[in-house]
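Overview (structure and organization)
This is what each chain is made of:
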Amino acid sequence: MENQTIIRFENVTKQFDANPPVLNGVSFEIERGKFYTLLGPSGCGKTTILRLIAGFMEPTAGDVFFNGKRVNHVPANKRQVNTVFQDYALFPHLNVFENVAFGLRIKKMKKAEIDQKVKEALRFVNLDGYEDREINEMSGGQRQRVAIARAIVNEPEVILLDEPLSALDLKLRTEMQYELRELQRRLGITFIFVTHDQEEALAMSDEIFVLNEGSIQQSGTPTDIYDEPINRFVADFIGESNIVEAKMIQDFLVEFGGQQFECVDQGLQKNESVEVVIRPEDLEITSPQQGKLVVKVDSQLFRGVHYEICGYDDAGNEWLVHSTKKAIVGDRIGLDFDPEAIHVMRFDETEEDFDKRLESYQEGTKHE
Ligand SMILES: Nc1ncnc2c1ncn2[C@@H]1O[C@H](COP(=O)(O)OP(=O)(O)OP(=O)(O)O)[C@@H](O)[C@H]1O
Ligand SMILES: [Mg+2]
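The shown structure was predicted, so the numbers you read here are calculated from the model rather than taken from an experiment.

A look at the UniProt feature "domain: ABC transporter" (unreviewed entry) in the protein chain
In the numbering used here, UniProt assigns the feature "domain: ABC transporter" (unreviewed entry) to residues 7-238. Measuring from the first to the last C-alpha atom of residues 7-238 gives 25 Å, for a span that is 36% helix and 25% strand.

Spelled out as C-alpha cells, the structure:
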C-alpha cells in the first residue's frame, strides 16, 4: 500500500471557553497497523487527543485527517474507530454476549452473523464459554477483555485505549500488557494507547508520543526516547537519569563536574551552556584512580537485581548508579562511562527545534 498514514493531526489546538488551550498546535502522523502510546502526566491532554480522534469533539483550530480526508466535523459514529474506556463502560444489566453484540444489533446485522462475530471476538480475547456470564460476575481483567472484544467485533481501523490497565493490580496489569500487545500483532489493527506509566509505554509501543502541557515533547521508538531524550522533561519522565549542568567546549567535547569528557554530540555553539544526561546503568564502578569521575557514596539501596547507589562529585553534582557491585557508604569510588553514554541536551529544546538545528548544522558543514 502506497500511503500508510491513517491519522494525521495538523497544528491542532483545543481550547475550552476562555481557559488557556489544552492542546497547543499538535501535529503528528499515525501509521496503519502499529501500536502507539500517548504518554504524559495527568492533565497534559492525552484523553483530549483521543476524543478528537474518535470524533467526540472538534478542534478549535487545525485539522484532523483520516485516510487523507479532513474529518474535523465527521461525527463519532461515522468514523472507523472504537474506544475502550478506562472504566470499560460495560452494560451491567447485559451478559457478556450481549455486551459484545450491542454495536452489531444497532447496525441491524443478521442474528446468525452476530452469533458468529461475537463468538470469534470472544475467542480472540480468550473468553469463549463466558457468553452467558453477567458482567458483575467477571474479574477486572475479564471485564477488560470484554471491553476489548466489544471494540474489535466492529472491525474498526483504529482502537483507542484510554488507560485501560490502570484499575488492575500489578501482576494482572503485566499479564494484560503482554496480551494486549499480542492481540494487536494478531489483529494488525492500529492501537492508540494512553498511559502515564513510562515502563508500560516502553514495554508495549512501536512508537511513543511524550506529551507535556498540551504539546508533544518528543516522538519515537522506545529506544530512541530512552537513549536520546530531547530535553530535561523527557529525560526525567522516562526512566531514572542523572541530569547535570554542563558546557559544550566544542563538537565532541563537553565539560561537567570540573572536567572535560569526550562525547558524540555535535552541532552546538562553542562554550554553550547545556545539560548532560547519563543513565544510572551506564555508569560503572571502578577504583577512584581508574574512574573518569570520583564520587563520595552517600547512600545505597538493594533493589533485587542491582544496587542503587547515590553519591556526589567534588563539584556537588548528584550521581545515581545502578550496579551489581556493592559500595560502602562514605567511601570514594570511581565512575567510568563511555562517550556514547553521555547525551547532551539544549535547555528546553523541542523536537522541532532539534530537527531544525540538525538540519542547519548539516547544511553548514556541507559548505565548509
Ligand atoms: N470539557 C472540558 N472543559 C474544560 N476543560 C477540560 C475539558 N476536558 C478537559 N479539560 C481540561 O483539559 C486538560 C487536559 O485534559 P485531558 O483529559 O486531556 O488530560 P489527560 O492527559 O487525559 O489527564 P489524565 O491522565 O488525568 O487522564 C485538563 O486540564 C482538563 O481539566
Ligand atoms: Mg485522561
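Structure shown, so let's carry the discussion forward.
Examining the pairing of strand β18 (residues 318-323)
On a regular strand, one side chain projects to one face of the sheet and the next to the other, so that they alternate. Bridge analysis of strand β17 (residues 307-313) against β18 gives six bridges, and the strand direction is antiparallel. Counterpart to Y312 in the pairing with β18 is E318. Hairpin connection, β17 to β18: the antiparallel pair is bridged by four residues, and G316 has positive phi, about 90 degrees.

Some details on the domain arrangement of the protein chain
When the domains of the protein chain are assigned, the result is domain 1 (2-227) and domain 2 (242-367). The gap between the C-alpha centroids of domain 1 and domain 2 is 38 Å.

A look at the environment of L38
Mapped onto the elements, L38 comes out in strand β3 (residues 35-39). The buried category is assigned to L38, around which 29 C-beta atoms lie within 10 Å. Sequence separation of L38 and K326 is 288 residues, and the distance between their C-alpha atoms is 37 Å. Filtering out sequence-adjacent residues up to four positions away, L38 remains in contact with K46, I49, I192, V194, F209 and L211.

Considerations on the sheet that holds strand β11 (residues 242-250)
Judged by pairing direction, the sheet is antiparallel, and its five strands sit side by side in the order β13-β12-β11-β14-β20 without closing on themselves. Bordering the open sheet on either side are β13 (259-262) and β20 (343-345), each of which pairs with just one other strand. Sheet twist, expressed as the average angle between the axes of neighbouring strands with direction ignored, equals 45 degrees.

Observations regarding unusual backbone geometry
Phi is positive for N67, close to 50 degrees, though the residue is something other than glycine. Take N67: there are 13 C-beta atoms within 10 Å of it, and that puts it in the partly exposed class. Not every positive phi belongs to a glycine, and E155 is a case in point at roughly 50 degrees. Structurally, E155 can be placed in the loop between α4 (140-152) and β7 (158-162).

Cut-offs used in this document
Residues numbered from 1 in each chain as written. Chains lettered and ligands numbered in written order. Predicted model: local features only at pLDDT ≥ 70, side-chain atom pairs only at ≥ 80, totals over all residues. UniProt positions renumbered as here; feature names shortened; annotations may be inferred. Helix = DSSP H or I, 4+ residues; strand = E, 2+ residues; numbered from the N terminus. Pairing = 2+ DSSP bridges. Domains from an automatic or database assignment. Buried ≥ 20, exposed ≤ 12 C-beta atoms within 10 Å, placed from the backbone. Contact = placed C-beta atoms within 7 Å. Axes fitted to C-alpha atoms, helices over the stretch in contact; angles between N-to-C directions.

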